[in-house]
Amino acid sequence: MDKALNPDPAFYSADACDLADFASLTGQSVDPEEVPQAAEISKNIPIYDMNAQARMLESAEQRRSLMGEWARILKSGAGVFVLRAAYTDTSAIDAATEIFDRIIAREKAVNGTAADHFAAAGSNDRIWNSLQKLCEADPAVFARYHGNAAIDAACEAWLGPNYQMTAQVNLVHPGGQAQQAHRDYHLGFQTPEVSAQYPAHVHDLSPLMTLQGGIAHVDVPVESGPTKLLPFSQLYRPGYAAWRRDDFRAFFEEHHVQLPLQKGDALFFNPALFHAAGANSSTGIHRMVNLLQISSAFGRAMETVDRLKMCGLVFEPLKRMAAKGQLTGRALEAAIAATAEGYAFPTNLDSDPPTGGLAPQSQAALLQEAVLGDWPAPRLHAALAAQQDRKQA
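Computed from a prediction, not measured in an experiment: that's the story for all the values here.

## Examining the overall build of the protein chain
When you go through the protein chain residue by residue, the secondary structure sums to 15 helices and ten strands. Relative to the compact-globule value of 21 Å for 393 residues, the protein chain shows a C-alpha radius of gyration of 22 Å, a close match. When the backbone C-alpha atoms are referred to their principal axes, the protein chain occupies close to 70 × 60 × 45 Å. Every one of the 393 residues in the protein chain was classed for burial, and the buried ones make up 47%. For the protein chain, restricting intrachain contacts to residue pairs at least 6 apart in sequence, the fraction spanning at least 24 positions comes to 82%. For the protein chain, the exposed surface amounts to about 18900 Å²; the carbon and sulfur share of it is 54%.

Right, here's the structure in full:
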């Protein structure tokens, strides 16, 4: 049957993903007429010269025009763009780099060399929540560094005003290996089984709630492993189901592109774009990039709810009813969903790192484990308190 006559699937599955469709979408080329304000297009990626265009951000009309172009790129175009010289003065970059180096040395002295879900131990250094840590270390440097009109415009182009900034430094040493192709937060941080439980329209929504970016703290030539990117791959709607498939990853490896960056450049891309950090095959370049993950202001519930307290109150009744068969299966899951926080984020990734996957255990998962495991109440209360402490430490 003609695909055009089929209704959209209610859910996506990896088995139903079509590599030929993916190849067709990613085989497009950027039309220069669609990005008239770009200084150049390199490897299907529009590049904007902020030395020349910084003054556009001072005019409300010109700023909106530029942001409109960036939004179209992220949604229906290549899915990625570069701001050359996003920092026309790199002194704030240098000052922040010195602070990040000190933070890395201090954290390694305290915690040792650890792996994360991006790389093996020793191949890179990571600063979780570099946003807050920079502010705590030197508020004046923080203000100079994040007081950047070009980056602000890129964030607002995709998310609108009142966005929420987070950041994590990734320092990849020579010999650091490449990542596999993936998509990012939110659904990209879920297991395949959990991701498949979300309806198709949520797969469409997820990329609209987050913007991915990176600020180059050093020159990043191709041999040092700049991010591997597949332009237009965000257009493949079942991509959160497809990116874990070996054939899609092999296609990515064959067709991805990489752009060298200079210190002070910024890269922004739709989180649904297939991407992966490159291998650092250089002999002396320690690739430091501050990874930005910016979230929509609208990802909030309406009311403040003390779910920790509710978990403690409902635990004994839940356990009793489950033991008697009065509340089981989906009904038990529904009661837990109404009680506990079902999403593992936001959290403090220093003290609450992902264990055995891409995300820490959620409060709801902990409560369900305790109910089904017939834990004594003091054990649950201690576990909930410890989990809360890890999130806030």
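## Quick notes on the nonpolar core
The nonpolar side chains of soluble globular proteins are, as a tendency, buried together. Residues Tyr48, Trp70, Phe81, Leu83 and Phe268 are the most contacted members of the largest nonpolar core, which totals 62 residues. Considering every element that reaches this core, the biggest residue donor is helix α7 (residues 149-159), with eight residues. Residues Tyr12, Ala200, Phe248 and Phe252 belong to the second largest nonpolar core, which totals 18 residues.

## Overview of the packing of aromatic side chains
Under the definition given, this model contains 14 aromatic pairs. Geometrically, the ring pair formed by Phe22 and Phe274 is tilted, given 4.8 Å between the ring centres and 45° between the ring planes. With Phe22 in helix α1 (residues 19-26) and Phe274 in the loop between β8 (266-269) and β9 (275-276), this pair connects stretches of sequence that are 252 residues apart. The class of Phe22 is buried, set by a relative accessible area of 0%. Judged by centre distance (5.7 Å) and plane angle (35°), the rings of Tyr236 and Phe248 are tilted. You can see Tyr236 sitting in the loop between β7 (228-229) and α10 (239-242) and its partner Phe248 sitting in helix α11 (residues 246-255), a full twelve residues away along the chain. For the pair shown, Tyr236 and Phe248 are each scored as buried. Among the aromatic residues, those joined into a cluster by ring pairs are Phe22, Tyr236, Phe248, Phe251 and Phe274.

## Some words on the sheet that holds strand β4 (residues 124-127)
The sheet built from eight strands is open, its strands ordered β1-β2-β3-β8-β6-β10-β5-β4 with mixed pairing. Two strands bound the open sheet, and with one partner strand each, they are β1 (40-42) and β4. Along the sheet, successive strands turn relative to each other by an average axial angle of 25°, direction set aside. Strands in contact with helix α3 (residues 60-76) are β2 (45-49), β3 (80-84), β6 (210-216) and β8; relative to β3, the strand with the most contacts, it is inclined by about 140°. Packing against the sheet, helix α4 (residues 91-111) makes contact with β4, β5 (164-172), β6 and β10 (287-295), and its axis sits at approximately 100° to β4.

## Structural notes on the state of the cysteines
Tallied over the full model, the rule gives zero disulfides. Distance from the sulfur of Cys155, which forms no disulfide, to the nearest cysteine sulfur (Cys135) is 17 Å.

## Considering α7
Burial analysis of α7 places eight of its eleven residues in the buried class, the great majority of the element. Those residues of α7 not exposed but buried are Ala150, Ile151, Ala153, Ala154, Cys155, Ala157, Trp158 and Leu159. The N-capping residue of α7, defined by a side-chain oxygen 3.0 Å from the backbone nitrogen of Ala150, is Asn148.

## What to know about unusual backbone geometry
Across the junction of Tyr185 and His186, the peptide omega takes the value 10°, indicating a cis bond. Here the residue pair Phe345 and Pro346 is connected by a cis peptide bond, since its omega of 0° sits within 30 degrees of zero. Take Pro346: it is sitting in the loop between α13 (329-339) and α14 (363-372). The backbone phi angle of Asn129 is positive, close to 50°, even though this residue is not glycine.

## Description of the packing of helix α12 (residues 307-323) against α14
Where α12 contacts α14, the axes come no closer than 9 Å and their chain directions differ by 30°. Considered as vectors, α12 and α14 are oriented roughly parallel to each other. You can see that α12 and α14 cross each other, and the crossing is right-handed. In this structure, α12 uses Arg307, Leu308, Cys311, Val314, Phe315, Leu318, Lys319 and Ala322 to contact α14, whose residues at the interface are Gln363, Leu367, Ala370 and Val371. For the contact of α12 with α14, a count of residues per class yields nine nonpolar, one polar and two charged.

## Some remarks on the side chain of His275
Turning to its location among the elements, His275 is positioned in strand β9. The buried category is assigned to His275, whose relative accessible area is 4%. Here Leu273 takes part through its backbone oxygen, which lies 2.7 Å from a polar atom of the side chain of His275.

## Here's the deal with the confidence of the model for the protein chain
With 95% of its residues at a pLDDT of at least 70, the protein chain reaches an overall mean of 92. Low pLDDT (under 50) marks residues 1-6, which in the prediction has three contacts with non-local residues, meaning those over four places away or in another chain.

## A short note on the environment of Leu372
Relative to the helices and strands, Leu372 resides in helix α14. Looking at Leu372, the relative accessible area reads 59%, which means it is exposed. Residues Leu372 and Ala322, spaced 50 residues apart in sequence, show a C-alpha to C-alpha distance of 7.6 Å.

## Regarding the pairing of β6
In terms of burial, β6 is a largely internal element, seven of the seven residues being buried. Burial along β6 is two-sided: the face carrying Thr210, Gln212, Gly214 and Ala216 and the face carrying Leu211, Gly213 and Ile215 are both buried. The pairing of β6 with β8 spans four bridges and is classified as antiparallel. Paired with Gln212 across the strands is Phe269, a residue of β8.

The rules behind the values
- Residues numbered from 1 in each chain as written.
- Predicted model: local features only at pLDDT ≥ 70, side-chain atom pairs only at ≥ 80, totals over all residues.
- Heavy atoms only, no water.
- Helix = DSSP H or I, 4+ residues; strand = E, 2+ residues; numbered from the N terminus.
- Rg over C-alpha atoms; globule rule 2.2 N^0.38 Å.
- Buried < 20%, exposed > 50% of the residue type's maximum accessible area, 1.4 Å probe, protein only.
- Contact = heavy atoms within 4.5 Å.
- Areas by Shrake-Rupley, 256 points an atom, 1.4 Å probe, with all protein chains shown as cover.
- Core = buried A, V, L, I, M, F, W, Y, C linked by side-chain atoms within 4.5 Å.
- Phe/Tyr/Trp six-rings, centres within 6.5 Å; stacked < 30°, edge-to-face > 60°.
- Pairing = 2+ DSSP bridges.
- Axes fitted to C-alpha atoms, helices over the stretch in contact; angles between N-to-C directions.
- Disulfide = S-S within 2.5 Å.
- Polar contact = N/O pair within 3.5 Å; in protein donor to acceptor, adjacent residues only side chain to side chain.
- Parallel < 35°, antiparallel > 145°, perpendicular 65-115°, else oblique.
- Left-handed = near helix turned anticlockwise from the far one by under 90°.
- Nonpolar A, V, L, I, M, F, W, Y, C, P; charged D, E, K, R; others polar.
- pLDDT = per-residue confidence, 0-100.

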